[in-house]
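# Structural overview for review
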There are 2 protein chains.
Amino acid sequence: MANKTILVVDDEQDILDLIEYNLKKEGFKVLKAENGEKGIEIAKEYKPDLVLLDIMMPKMDGLETVELIRKDEELKRTPVIFLTARSDEKTEIESLNKGGDDFITKPISTTKLVSRIKAVMRRFDDSSEPVNKLIAHDLEIDKDRYVVEKGGKEFQLPRKEFELLFFLASRKGKVLDRQALLNKVWGDNIYVVDRTVDVHVRKIREKLGDHYIETVKGVGYRFKG
Amino acid sequence: MANKTILVVDDEQDILDLIEYNLKKEGFKVLKAENGEKGIEIAKEYKPDLVLLDIMMPKMDGLETVELIRKDEELKRTPVIFLTARSDEKTEIESLNKGGDDFITKPISTTKLVSRIKAVMRRFDDSSEPVNKLIAHDLEIDKDRYVVEKGGKEFQLPRKEFELLFFLASRKGKVLDRQALLNKVWGDNIYVVDRTVDVHVRKIREKLGDHYIETVKGVGYRFKG
DNA sequence: GTATTACATAACAATTTCTTCATTATACAT
DNA sequence: ATGTATAATGAAGAAATTGTTATGTAATAC
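Below, the structure is looked at part by part. Bear in mind the structure is a predicted one, so any value in this text is a computation, not a measurement. (Residues numbered from 1 in each chain as written. Chains lettered and ligands numbered in written order. Predicted model: local features only at pLDDT ≥ 70, side-chain atom pairs only at ≥ 80, totals over all residues.)

## Focus: the overall build of chain A
- Of regular secondary structure, chain A possesses seven helices and 12 strands.
- Scored against the burial criterion, the 225 residues of chain A give a buried share of 31%.
- The long-range fraction of contacts in chain A, counting pairs at least 24 apart against all pairs at least 6 apart in sequence, stands at 52%. (Helix = DSSP H or I, 4+ residues; strand = E, 2+ residues; numbered from the N terminus. Buried ≥ 20, exposed ≤ 12 C-beta atoms within 10 Å, placed from the backbone. Contact = placed C-beta atoms within 7 Å.)

Next comes the structure, spelled out in structure tokens:
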């Protein structure tokens, strides 16, 4: 994940600097542009791994900018995350889903910003070296050793429990229904009653505590975060 | 990306073997069929993650085959890449219109083949689904997480309430009558008294405040905006 | 071969969510 | 203003969903 370049496009210098500071702290390289036109120029030249794009900008706004990105053969696959002021009525964000891969509302919590960036990058990562170590809250989930570490203690979960936890944690925040979990953890053409998931969730909670996996009744389960 | 199954349909055994060899080297599982009919059969049985389809084949050609795939409820979402010797534009356009997702001309560079396959799969991978998030006024309604955020606070609505809110917000400004809401949120052939909607609206208002959903007396409800 | 562990499933208890209905309040037309 | 239709509200019971425990079987370790 390190060594990736992120282009930040925003007309407010303060925000540009703030984001730059936080991303550099995380090990990203950061490029800056104060409007859409310059953003496109820089993107074409440096091919960033991800673009953070403010929606409200003078001249060329974020929506126009992303359209240009999506039309450019070399840039079209670059993930774009929008920045937007919450309760910003003028920008019809509903319709913008077409070109963006996520969006984040200002004011920005920097931890949230970084974790969203990482999540989006993971989705787009070509090199696809599988991630074998997840850190979530106070858990360290190590798939190489099939071990979960928490507060200096090591927990040895059985395979299914471990893989379920790992998968949930790798989609942190997203609600996954039982069928999706079965398909991804158990395998596509395995036939198991879907309530089996419940029992495994319970065992995980028993061992690690019940504040990691949340139940969304009627929908599925979600790793907190 | 590994562990995916690819069905290759081509009438030339040499090409079948060549592609199989290269895809297996990349870690894909490979199924083979020497004509469209068999291809469909195998696809129905094994549900491959992607189909490589030669356009020029005796009996049923690739275009017919993809039409059948697109009509089959279980297969219609399977990505299809066409193979063809012809490099003329008409065929290309026609095939993409008929439901292909990409197009590769023979002779095939195997690295190109693999990278195209990966690209198409990435487009279809469910992790890169569009973002299910709405912003309306000061609400952030996130269907991935089944959470509503307002002023930094997260609200966990029960399923029906959430889905009702989401649906109303996704049609911001439009008045929807109770029956329409029931059909869209509850489902077409579910029988519940239409006043049930009222109760859910009330609960949403209780939790988030009553200035989001407006009542249009004698007609239905409308998300403000 | 036996003991142990992991796994899937079923049963039922606990909980939450959903639906209904009766009552009260409100908007609207006359 | 008054009456009528419609919606809001409160509260109860039904339905749905999940948590939990127990049990049988398969896989693995000893």
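## A short note on helix α2 (residues 36-46) of chain B
All names here are of chain B.
- Looking at α2, one finds that the buried residues are G36, G39, I40 and A43. Taken around the axis of α2, the buried residues stretch over an arc of 100°, which confines them to a single face. In α2, the exposed positions angled more than 90 degrees off the buried face are occupied by E41 and E45.
- Where α2 is buried, its residues contact β1 (5-9), β2 (29-33), β3 (50-54) and α3 (62-71). (Arc of directions from axis to C-beta.)

## Overview of the sheet that holds strand β8 (residues 147-150) of chain A
All names here are of chain A.
- Ordered in space as β6-β7-β8-β9, the four strands form an open sheet in which the pairing is antiparallel. Of all strands in the sheet, those bounded by a partner on one side alone are β6 (133-136) and β9 (153-155). Strand-to-strand twist across the sheet, computed as the mean angle between neighbouring axes with direction ignored, equals 20°.
- Here β8 runs beside β9; their pairing, made up of three bridges, is antiparallel. The residue of β9 that forms the bridge with K150 is K153.
- Along the sheet face, helix α5 (residues 159-170) touches β6, β7 (139-142) and β8 and points at about 65° away from the line of β6. (Pairing = 2+ DSSP bridges. Axes fitted to C-alpha atoms, helices over the stretch in contact; angles between N-to-C directions.)

## Some thoughts on the protein's contact with DNA strand D
- Contacts to DNA strand D come from 15 residues, most closely from T215(A), K217(A), G218(A), T215(B) and K217(B).
- Elements that contribute at least two residues to the surface near DNA strand D include exactly α7 (196-208) of chain A together with α8 (196-208) of chain B.
- Residue contributions to the surface near DNA strand D peak at five residues, all from α8(B).
- Taken together, the residues that form the surface near DNA strand D break down as four nonpolar, four polar and seven charged. (Near = placed C-beta within 6 Å. Nonpolar A, V, L, I, M, F, W, Y, C, P; charged D, E, K, R; others polar.)

## Describing unusual backbone geometry
Residues and elements named next belong to chain A.
- In this structure, K47 takes a positive phi of about 45° despite not being glycine.
- Here K47 shows up in the loop between α2 (36-46) and β3 (50-54).
- Notably, H137 is not glycine yet its phi reads approximately 55°, a positive angle.
- Mapped onto the elements of the fold, H137 is located in the loop between β6 and β7.

## Details of the protein's contact with DNA strand C
- For DNA strand C, the set of nearby residues contains 23 residues, the closest of which are P158(A), V193(A), P158(B), K160(B) and V193(B).
- Of all the secondary structure elements, the ones that give two or more residues to the surface near DNA strand C are α5 and α7 of chain A together with α6 (159-170) and α8 of chain B.
- Here the residues of the surface near DNA strand C sort into 10 nonpolar, three polar and 10 charged.

## Some points on the sheet that holds strand β11 (residues 213-216) of chain B
All names here are of chain B.
- Spatially, the three strands line up as an open sheet ordered β10-β12-β11, and their pairing is antiparallel. Of all the strands in the sheet, the pair left with one neighbour each is β10 (175-177) and β11. Between one strand axis and the next, the sheet turns through 35° on average, direction left out of account.
- Strands β10 and β12 (220-223) of the sheet are contacted by helix α7 (residues 178-186), whose axis makes an angle of about 80° with β10.

## Observations regarding the packing of α5(A) against helix α6 (residues 178-186) of chain A
All names here are of chain A.
- At a closest axis distance of 10 Å, the pairing of α5 and α6 adopts a crossing angle of 115°. At the point where α5 passes α6, the crossing takes the right-handed sense. Of the residues in α6, those in contact with E163, L164 and F167 of α5 are L181, K184 and V185.
- Of the residues in the contact of α5 with α6, the class split is four nonpolar, no polar and two charged. (Left-handed = near helix turned anticlockwise from the far one by under 90°.)

## Brief notes about the packing of α2(B) against α3(B)
Residue and element names in this part refer to chain B.
- Axis separation between α2 and α3 bottoms out at 9 Å; the angle between their running directions is 25°. Considering their axes alone, α2 and α3 lie roughly parallel with respect to each other. For the element pair α2 and α3, the recorded crossing hand is right-handed. Contacts between α2 and α3 pair G36, G39, I40 and A43 from the former with G62, E64, T65, L68 and I69 from the latter.
- The class makeup of the residues in the contact of α2 with α3 is four nonpolar, four polar and one charged. (Parallel < 35°, antiparallel > 145°, perpendicular 65-115°, else oblique.)

## Observations regarding the pairing of β1(B)
All names here are of chain B.
- Counting buried positions along β1 yields four of five residues, so the element is predominantly enclosed.
- As judged from the five bridges shared by β1 and β2, these two strands associate in the parallel manner. By the bridge assignment for β2, V8 is matched with K32.
- Once you follow β1 into helix α1 (residues 13-25) and on to β2, the crossover reads as right-handed. (Right-handed = clockwise from strand over helix to strand, strands pointing away.)

## Quick word on the nonpolar core
- Judged by nonpolar contacts, the single largest core of 48 residues is most densely connected at L165(A), L168(A), I141(B), L165(B), L168(B) and A169(B).
- Residues in contact with A169(B), not counting those within four places in the same chain, are L134(B), A136(B), I141(B) and F223(B).
- Listed in part, the 26 residues of the second largest apolar core include I19(A), I55(A), V80(A) and I117(A). (Core = buried A, V, L, I, M, F, W, Y, C linked by C-beta atoms within 7 Å.)

All quantities given are derived from atomic positions and should not be read as evidence of function.
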